[in-house]
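Coordinate inspection notes
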Amino acid sequence: MLHTNLSINEKGHLCLAGQDVCDLAEKHGTPLFLMDEERIRSNARTYIDAMAEFMPEGSRPLLASKSCCFKKLYSIVAEEGMGTDLVSPGELYTAAAAGFPLENAFFHGNNKTDADIAYAIDSGVGYFVVDNREELDSVNETAGKKGITQNILLRLSPGIDPHTQKKISTGKVDSKFGTAIETGQALEMCRYALTLKNVSLKGFHCHIGSQIFEYESFADAAEIMLRFIRTLFDDCGFTTEMLNLGGGFGVRYVESDPIIDYRENIKGLAGEIKRICRELSIKEPAILMEPGRSIVADSGLTVYSVGSVKTITGYKSYVSVDGGMPDNPRYALYESDYTCLIANKADREPDFSATVAGRCCESGDLIQEDVMLTRPERGDYLAVLVTGAYNFSMASNYNRIPRPPVVMLRDGESYVAVKRETYEDLLRNDM
Ligand code: LLP
């Protein structure tokens, strides 16, 4: 099947991590997020091992928390030895509550408030990824008041469009994130950062995009960043310790997506970085990466119960499920591809073309259009595969729908990592 943790058992039911998805749906109810803990761990280990093997000392992956965020996940990735990238005080609060070692946390965001900055410094966040000059001043001032020196990276925009593999000199420079290299503002910002007493500049960050299937785009970005690092060295003798290349390696959502070998890609990228550093005669910085999707996406799937099956004569059929855009807004937002199947008929040929719709009072609440399913009936279980990234984390209570639980699978057992929201939870803040 699409990923090696998916299979079909003797009853013809879909299994995740060897466990019957229909049995889990009976036990925990629907809609339901299932996550395969061992798959998260093995994805983490792939990055950790390859980065340790092929990249300079100190190189390591950081989980992009935005892809999925709850306490147990932080414990899992911390146990494996990943750091984390946090983009909000809420993610920071969750990581801290999980006991995540915050010295391994990188605090992102293009608009950190003064309160966010103070909170992150008080929490002992290892590194700020500083986006802009106002933030730089605020971090420096707050660190000074608290009597510490805060480690920082500066977020730069290298001007790369990963999908065309071309260095675009204007397009991506026009971004709300970071400071542009091309305009000279990045160099100016570094010179300024180096004059500040309460911050210690350790290196640079960039992020070029998502669903990238070949390392060459990362190598293009790395080359621009490393040339900048050389320029800065010539300008003021500054030696860069860390280069963070962001996230973005792709994930297979449907059969037509390529299969990606992360280890080989990391090896290829490491080779390019080594070559460029040699050419530029600079010391190789430690490399950081911020995978989100490629750590959690293929660990997860969503199970729904099928409700109405409606055929509009001469047009098409709609299969409605008991979730939708509140637990998976990605089709509505990006027309993302997903693989859907009837979990209790997984061994039968798909013979019915349908659009899978959610339960919200909104016509754009679709999960996938025109997919082939085994003829669905009310009460069937419909699974949407590869939903471990950006589904739970982007879920909302639109239409006052409680969010599904996250149930983790490990060693033939299941446990609840995040409880299903109740109607009472929905009223928690209503006065
Ligand atoms: N680092 C930074 C600075 C990022 O902005 C992102 C994603 C990542 C790491 C992780 O990228 P990944 O490895 O997961 O591709 N909500 C969207 C994706 C937006 C991601 C934005 N940044 C989605 O559902 O696909």
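For the structure given in this document, a descriptive report is provided here. Everything numeric in this text was worked out from a predicted model, so none of it was measured.

**Observations concerning the overall build of the chain**
When you go through the chain residue by residue, the secondary structure sums to 12 helices and 23 strands. By the compact-globule yardstick of 22 Å for 431 residues, the chain fits well, its C-alpha radius of gyration being 23 Å. Summarising its shape, the C-alpha atoms of the chain cover approximately 70 × 50 × 45 Å along the three principal directions. In the chain, which comprises 431 residues, the proportion classed as buried is 57%. For the chain, the proportion of contacts with a sequence separation of at least 24, taken over those separated by at least 6, is 70%. In the structure as shown, the chain presents an accessible area of about 18400 Å², 48% of it carried by carbon and sulfur atoms. When the 45 basic and 62 acidic side-chain charges of the chain are each reduced to a single mean position, those positions are 2 Å apart.

**Overview of the site of the ligand**
In the vicinity of the ligand lie 18 residues, with Ser210, Glu290, Arg293, Arg330 and Tyr390 positioned nearest. Here a nitrogen atom of the ligand and a side-chain polar atom of Glu290 are 2.7 Å apart. Tyr390 places a polar side-chain atom, nitrogen or oxygen, 2.7 Å from an oxygen atom of the ligand. Compared with its free state, where it exposes 580 Å², the ligand has 86% of that area covered by protein. Looking at the shell around the ligand residue by residue, the class counts come to five nonpolar, seven polar and six charged.

**Quick look at the nonpolar core**
Counting residues in each nonpolar core, the largest one holds 126 residues, and the members touching the most others are Leu14, Leu34, Leu154, Phe204, Leu226 and Leu382. By residue number, the principal contributor to this core is helix α8 (residues 216-236), which donates 10 residues. What Leu34 contacts, discounting residues up to four positions off in sequence, is Leu16, Val21, Leu24, Ser299, Gly300, Leu301, Val303, Val407 and Leu409. Core analysis: the second largest hydrophobic core is formed by seven residues, Leu62, Leu153, Met242 and Leu288 among them.

**Thoughts on the pairing of strand β5 (residues 60-64)**
Judged by how many residues are buried, β5 sits mostly within the fold: five of five residues are covered. Neither face of β5 is left uncovered, since the one carrying Arg60, Leu62 and Ala64 and the one carrying Pro61 and Leu63 both have all their residues buried. Two elements, β5 and strand β15 (residues 286-289), share two bridges in a ladder whose sense is parallel. In the strand pairing of β15, Arg60 is matched with Leu288. Across three bridges, β5 lies against strand β6 (residues 83-86) in parallel orientation. Bridge pairing links Leu63 to Thr84 in β6.

**With respect to the pattern of salt bridges**
Close approach of charged atoms allows side chains of opposite charge to pair. Tallying each qualifying case throughout the model produces 26 salt bridges. Here Arg275 ties to Glu272 by a salt bridge, and the two come within 2.8 Å at their closest N and O atoms. Taken as a pair, Arg275 and Glu272 lie in helix α9 (residues 262-280) at a separation of three residues, close to a single helical turn. A relative accessible area of 31% places Arg275 in the partly exposed class. Exposure remark for Glu272: the relative accessible area of 24% places this residue in the partly exposed category.

**A few points about the packing of aromatic side chains**
Ring pairs (aromatic) are described by centroid distance and by the angle formed between their planes. Following the criterion strictly, the structure yields 10 aromatic pairs and no others. A ring pair is formed by Tyr74 and Phe100, whose centres lie 5.7 Å apart and whose planes are at 70°; its orientation type is edge-to-face. Of this pair, Tyr74 sits in helix α3 (residues 71-80) while Phe100 sits in the loop between α4 (89-97) and β7 (105-107), placing them 26 residues apart in sequence. Pair check on accessibility: Tyr74 and Phe100 agree, each one buried. On the basis of an interplanar angle of 85° and a centroid distance of 5.5 Å, the ring pair of Phe107 and Phe128 is categorised as edge-to-face. Pair noted here: Phe107 is in strand β7 and Phe128 is in strand β8 (residues 127-130), with a separation of 21 residues, a long-range link. When sorted by exposure, Phe107 lands in the same class as Phe128, which is buried. Following the ring pairs from residue to residue traces out a cluster consisting of Tyr47, Phe218, Phe249 and Tyr262. One residue, Lys112, lies across the ring of Phe107, its end atom 5.8 Å from the ring centre. Seen from the ring of Tyr192, Arg133 lies directly overhead, with NZ or CZ sitting 3.7 Å from the centre.

**Some remarks on the environment of Thr374**
Assignment of secondary structure puts Thr374 in the loop between β20 (366-373) and β21 (381-385). Classification of Thr374 by relative accessible area gives buried; the value is 8%. With 25 residues separating them in the primary sequence, Thr374 and Glu349 have C-alpha atoms 6.0 Å apart. Aside from chain neighbours lying at most four places away, what touches Thr374 is Ile342, Lys345, Arg348, Glu349, Pro350 and Asp351. A distance of 2.9 Å separates a polar atom in the side chain of Thr374 from the backbone oxygen of Arg348. A distance of 3.4 Å separates a polar atom in the side chain of Thr374 from the backbone oxygen of Glu349.

Reading guide: rules and limits
- Residues numbered from 1 in each chain as written.
- Predicted model: local features only at pLDDT ≥ 70, side-chain atom pairs only at ≥ 80, totals over all residues.
- Heavy atoms only, no water.
- Helix = DSSP H or I, 4+ residues; strand = E, 2+ residues; numbered from the N terminus.
- Rg over C-alpha atoms; globule rule 2.2 N^0.38 Å.
- Buried < 20%, exposed > 50% of the residue type's maximum accessible area, 1.4 Å probe, protein only.
- Contact = heavy atoms within 4.5 Å.
- Areas by Shrake-Rupley, 256 points an atom, 1.4 Å probe, with all protein chains shown as cover.
- Lys, Arg positive; Asp, Glu negative; His and termini not counted.
- Charge placed at Lys NZ, Arg CZ, Asp CG, Glu CD.
- Near = heavy atom within 4 Å.
- Polar contact = N/O pair within 3.5 Å; in protein donor to acceptor, adjacent residues only side chain to side chain.
- Nonpolar A, V, L, I, M, F, W, Y, C, P; charged D, E, K, R; others polar.
- Core = buried A, V, L, I, M, F, W, Y, C linked by side-chain atoms within 4.5 Å.
- Pairing = 2+ DSSP bridges.
- Salt bridge = Lys/Arg side-chain N within 4 Å of Asp/Glu carboxyl O.
- Phe/Tyr/Trp six-rings, centres within 6.5 Å; stacked < 30°, edge-to-face > 60°.
- Lys NZ or Arg CZ within 6 Å of the ring centre and 35° of its normal.

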